[in-house]
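These are the residues of each chain, in order.
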Amino acid sequence: MLDPRSLRREPELIAQALSKRGLVFDLDTYEELESSRHDLQTEMETLQHDRNEISRTIGQAKRDGLDIEPLRLSVSEIGYRLDVVKQEFGKIRDELDAFLLSIPNIPHESVPDGADEEDNLVLRQHGTTPEFNFKPKDHVDLAPGLLNLELAVKISGSRFSVLRGPLAKLQRSLTQFMLDVHTEQHGYEEVYVPFIVNAASMTATGQLPKFAEDAFHVEHTEPMYLVPTAEVPVTNFVRDEILSADDLPMKFVAHTPCFRSEAGSYGKDMRGIFRQHQFEKVELVQIVSPDVSWDAFEELLGHAETILKMLELPYQASVLCGGDLGFAAAKTIDLEVWLPSQGRYREISSVSNFLDFQARRAQARFRRKAGERPELVHTLNGSGLAVGRSLIALMENYQNGDGSVTIPDALRSYMGGIDSLKLADADGQK
RNA sequence: GGAGGGGUGGCUGAGUGGUCGAAAGCACUGGUCUUGAAAACCAGCGAGGUUAGCGCCUCCCAGGGUUCGAAUCCCUGCCCCUCCGCCA
């Protein structure tokens, strides 16, 4: 959520800043709601004040044994009026809240203009794309049998997958490797978290109320949601908390499955496991003091890049343009890995600084010094990395002419020391 | 699933209709004392909104209700604890 105070003070400026997203901010609606809110709140508080005062007098009069009947009559009129105003105020406040919750974050000044991913700006490239003296296969053709999509369709439906034998192990190894690097070399605390979360958590990080259809939901005693990313449960560690300055920064790494309905992406990336309803991800989350969040952003980006470098996968870093920027982010840099089968770089990590946008929704605060007013923290996160897509990248970039896949050095100890995998005619093939 | 007990400020915990936004303790901050620290003593110390400020309003899990007035009474929901049952 944006700061309601700044919004009140300089709505034109904010509308201007939001236009970078290609968003037309409805100033008229906002100002109408805001002015109603202001008037109603003022009236309501005046009435409450009057009523409180008379009620106090009644209490006193009763103790003194005086007749309170005239006072009761005078207050009952206030009561009626108050009921009406309260109801109107509640309605406007709900509308205003809904309005505020639907406004995305303001793009940082360094975010380039642009409408969609075509306008994202490549910052740098790393590694060299592999040359093959044969026609490279994609990950589906590389692992017939071990990657079983038909089976997943029977069990669940499209956009799910079954991995078998060494392929499943390879994915697990990737996960372990990432977790180990982040905990042992980058100073993150590994956390295990719920995969089903409540609406308050989804609202705090920005998935609700606007993007409900992107999430899988479950009916329990109250509506709940399958996590679309570990960002949701982990960032919500600090919801409604007042931390002390020495608690910061908090750095967490979590491996979770992620569930996305992928509504609106029908027909997109339908081959293989590139875009799934369920996928594995290792996620980095940082909760930091506002003064250092841009340093933390660079640091976190570096942590994600380290994984790609250690796996020796060619990648590029792109800063998302205003039009492609996610709802809650002030700035996002995507890491895109080279996929030989597609002949282009594809997203494998997304690193974002949310500034105080999520923190305000979450009321996640900290106190610089005892006695001082609490301030909102800044939140950041980034994939480190998307495991399913790492698996694809690894298979495709490390493939050999005989259909085998070389295991990168960094991963060998996790794979029992083997240096290559023959996926094509391994045990799982039928 | 059955029976019972609870949700109060950073924490513990008092408070059953009227100066209660809330006793007390702990923690924290400042001061006195001390070479320094500890102890002791004194003072301060919840959050949000609004205001130039004084002030005013709201918040005692959430949402409704009763009342002139609710932390306190009633209803619903959520959560926690204890015992029993079931269970990986």
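Turning our attention to the environment of glutamate 150. Among the structural elements, glutamate 150 can be located in helix H6 (residues 149-155). Along the chain, glutamate 150 and proline 104 lie 46 residues apart, while their C-alpha atoms are 39 Å from each other.

Segmenting chain A into domains produces domain 1 (26-101) and domain 2 (117-422). Each of domain 1 and domain 2 has a C-alpha centre, and the two are 48 Å apart.

Moving on: the packing of aromatic side chains. Scanning the entire structure with this criterion turns up 11 aromatic pairs. Both rings, one in phenylalanine 211 and one in phenylalanine 327, keep their centres 5.2 Å apart while their planes meet at 75°; by these two values the pair is edge-to-face. On the criterion of sequence distance, the pair formed by phenylalanine 211 in the loop between helix H8 (199-205) and strand S6 (217-219) and phenylalanine 327 in the loop between strand S11 (315-319) and strand S12 (331-339) is long-range, its members being 116 residues apart. Overall, phenylalanine 211 belongs to the partly exposed group, its relative accessible area being 28%.

Quick look at the pairing of strand S10 (residues 278-288) now. Burial of S10 is extensive: 10 of the 11 residues sit out of reach of the surface. Strand direction decides the pairing type here: strand S9 (residues 250-259) and S10, joined by 10 bridges, are antiparallel. Among the inter-strand pairings, proline 257 is bridged to a residue of S10, identified as glutamate 280. Bridging between S10 and strand S16 (residues 378-386) involves seven bridges; their strand directions are antiparallel. Bridge assignment links valine 288 to a residue of S16, and that residue is histidine 378.

Here we come to the protein's contact with RNA strand B. Taken together, 22 residues form the shell around RNA strand B, and within it Arg5, Arg8, Gln48, His49 and Arg72 come nearest. Within 4 Å of the protein, the contacting atoms of RNA strand B are drawn from sugar and phosphate to the extent of 78%. Residue histidine 49 places a side-chain N or O atom 2.8 Å away from a sugar or linking oxygen belonging to RNA strand B. Between asparagine 52 and RNA strand B, the recorded distance is 3.3 Å, taken from a side-chain N or O atom to a phosphate oxygen. Of all the elements in the fold, those that place two or more residues in the surface near RNA strand B are helix H1 (4-9), helix H3 (27-63), helix H4 (69-101) and strand S14 (365-367). When residues in the surface near RNA strand B are grouped by element, the largest group, 11 residues, is from H3.

Before going further, it helps to spend a moment on helix H2 (residues 11-18). When we look at burial in H2, the residues that qualify are Pro11, Ile14, Ala15 and Leu18. Looking straight down H2, one finds that the buried residues subtend no more than 105° of arc, so they occupy a single side. Turned more than 90 degrees off the buried face of H2, the exposed positions are Glu12, Leu13 and Gln16. Packing partners of the buried residues in H2 comprise H1 and H3.

Reading the values: rules and limits
Each chain carries its own residue numbering, running from 1 in the written order of its sequence. To label them, take the chains in the order written and letter them from A, then take the ligands in the order written and number them from 1. At least 70 in pLDDT is required for a residue's local features to be given in this predicted model, at least 80 for side-chain atom pairs to be given and counted, and no such filter applies to totals for whole chains, interfaces and linings, which use all residues. Side-chain numbers come from the whole structure's heavy atoms, not from hydrogens or water. Numbering of helices and strands starts at the N terminus; helices are DSSP runs of H or I of at least 4 residues and strands are runs of E of at least 2. Domains are outlined according to an automatic or database domain assignment. Each Phe, Tyr or Trp ring, with Trp reduced to its six-membered ring, pairs with another whose centre is within 6.5 Å; inter-plane angles below 30 degrees give stacked pairs, above 60 give edge-to-face pairs, and intermediate values give tilted ones. Each residue gets one of three labels from its accessible area relative to the maximum for its type: buried under 20%, exposed over 50%, partly exposed in between, using a 1.4 Å probe on protein chains only. By the convention used here, strands pair only if DSSP detects at least 2 bridges between them. Proximity is defined per residue: if any heavy atom of the residue lies within 4 Å of a molecule or strand, that residue is considered near it. Polar contact is defined as a pair of N or O atoms within 3.5 Å, subject to the rule that within protein one atom must be able to donate a hydrogen and the other to accept it, and that residues adjacent in sequence are counted only when both atoms are side-chain atoms. For this quantity, the arc is that covered by the directions from the helix axis to the C-beta atoms. Throughout, a contact is declared for two residues whenever any of their heavy atoms are within 4.5 Å.

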